[in-house]
Amino acid sequence: MTAAIQIKNLSKHYGSLPALTAIDFQIPQGCFFGLLGPNGAGKSTLINIIAGLTHTSSGQVTVMGYDVRQQWRQARQLLGIVPQELVYDPFFTVVELLRLQSGYFGFGRENWPWIDELLMTLNLADKADENLGRLSGGMKRRVLIAQALVHKPQVMILDEPTAGVDVELRQILWQFVRKLHQQGHTIILTTHYLEEAEALCEHIAILKQGRLRAIDSKAALLQRQPYRLLCLKLRTEGSVTQLPPALADKVGELHNKQLILRLNRQDSLYAVLNQLHQAGIEVLDLHTRDPSLEDVFVELTH
Ligand SMILES: Nc1ncnc2c1ncn2[C@@H]1O[C@H](COP(=O)(O)OP(=O)(O)O)[C@@H](O)[C@H]1O
Ligand SMILES: [Mg+2]
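Values in this document were obtained by computation on a predicted structure and should not be read as measured data. (Residues numbered from 1 in each chain as written. Chains lettered and ligands numbered in written order. Predicted model: local features only at pLDDT ≥ 70, side-chain atom pairs only at ≥ 80, totals over all residues. Heavy atoms only, no water.)

### Details of the packing of aromatic side chains
1) Next: In this structure the tally under the stated criterion is one aromatic pair.
2) Next: Where Phe 25 meets Phe 33, the ring centres are 5.6 Å apart and the plane angle is 10 degrees; that geometry is what we call stacked. Taken individually, Phe 25 and Phe 33 each receive the classification buried, so the pair is uniform in this respect.
3) Next: The aromatic ring of Trp 112 is capped on one face by Arg 99, whose charged end is 3.6 Å from the ring centroid. (Phe/Tyr/Trp six-rings, centres within 6.5 Å; stacked < 30°, edge-to-face > 60°. Buried < 20%, exposed > 50% of the residue type's maximum accessible area, 1.4 Å probe, protein only. Lys NZ or Arg CZ within 6 Å of the ring centre and 35° of its normal.)

### Remarks on the site of ligand 1
1) Next: The environment of ligand 1 is formed by Tyr 14, Leu 17, Ala 19, Pro 38, Asn 39, Gly 40, Ala 41, Gly 42, Lys 43, Ser 44 and Thr 45.
2) Next: The contact in question runs from an oxygen atom of ligand 1 to an N or O atom on the backbone of Ala 41, over 3.2 Å.
3) Next: Between ligand 1 and Ser 44, the relevant distance is 2.9 Å, taken from an oxygen atom to a side-chain nitrogen or oxygen of the residue.
4) Next: When isolated, ligand 1 has an accessible area of 560 Å², and the protein chains bury 58% of it.
5) Next: Broken down by secondary-structure element, the contributors of at least two residues to the shell around ligand 1 are strand E2 (17–27) and helix H1 (43–50).
6) Next: With three residues, H1 is the largest single contributor of residues to the shell around ligand 1.
7) Next: Classifying every residue of the shell around ligand 1 gives five nonpolar, five polar and one charged. (Near = heavy atom within 4 Å. Polar contact = N/O pair within 3.5 Å; in protein donor to acceptor, adjacent residues only side chain to side chain. Areas by Shrake-Rupley, 256 points an atom, 1.4 Å probe, with all protein chains shown as cover. Helix = DSSP H or I, 4+ residues; strand = E, 2+ residues; numbered from the N terminus. Nonpolar A, V, L, I, M, F, W, Y, C, P; charged D, E, K, R; others polar.)

### Some remarks on the pattern of salt bridges
1) Next: Taken as a whole, this structure holds eight salt bridges when the rule is applied.
2) Next: A salt bridge links Glu 168 to Arg 142, with the shortest nitrogen-to-oxygen separation between them at 3.7 Å. Pair noted here: Glu 168 is in helix H6 (residues 167–182) and Arg 142 is in helix H5 (residues 137–149), with a separation of 26 residues, a long-range link.
3) Next: A salt bridge links Arg 170 to Glu 196; its shortest N-O distance comes to 3.5 Å. Here the residue Arg 170 occupies a position in helix H6, and Glu 196 occupies one in helix H7 (residues 194–200), the gap between them amounting to 26 residues.
4) Next: For Arg 170, a relative accessible area of 22% translates into the label partly exposed. (Salt bridge = Lys/Arg side-chain N within 4 Å of Asp/Glu carboxyl O.)

Written as structure tokens, this is what we have:
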């Protein structure tokens, strides 16, 4: 089957800055895909290249088999993009903007019921005749989401859609995006909220400084960490600095009397607690857990 997105040996420089280097991967049709990475990793650059807004320095990108440069019309028709920045024209009303956008994709009045449905689903119906310039940030973001969907694209890309967004919109958005995914749409999401990515995405790519650090199914990414975490609540932090070296090497985090140790799967809990005891560290409470996507992310990007 043709990939929803295929990226071949893609590089992008801004002047002397390598924003993306030798990126090679594909996103299967129908996948819920997370594109993660710290600020400046190149996520938006990659999305802008897929959208045809930024040109590549070298390499090739296709959307459902259509080259984003040579066959940009077909590629663009298949894509819905919610940009990271709030870009809008303040002089249109919400419904005018959506009908205009729908017109750009060659639709006429027959598409208006779908626009009404989008307005309803995104709780925008009572703002339909409001000028965009007068809407709050959260409402503008809803309009951008509706705008990305007016032409019912097969592939939906959301660039940090929940950054600075309230809980209500976040929930509406995820419900909506899940529904699109169930209907067979390919969803590509970048987010800072790793719990969101962990809850939603089936496949995940992690970028750092323009390079692909990992790409795998979420399950495989989580499983490839060979350790588990021992989370301890201490009476005082005082003597943690005096830990024996074998244990000091395992310290993941120490914050507010919470100590996290990274244990190998075969480490004996009894031996570790004994060492802590001998170092004069009093443990008030403890639990173990498997690494989360956030732990994997920190491991791969720091
Ligand atoms: N238009 C541009 N001109 C010059 N540099 C840019 C431009 N857009 C992004 N960059 C740089 O490219 C790198 C990747 O940026 P970006 O793709 O926005 O990262 P992310 O979305 O992962 O935070 C950053 O170092 C950023 O400063
Ligand atoms: Mg970005």
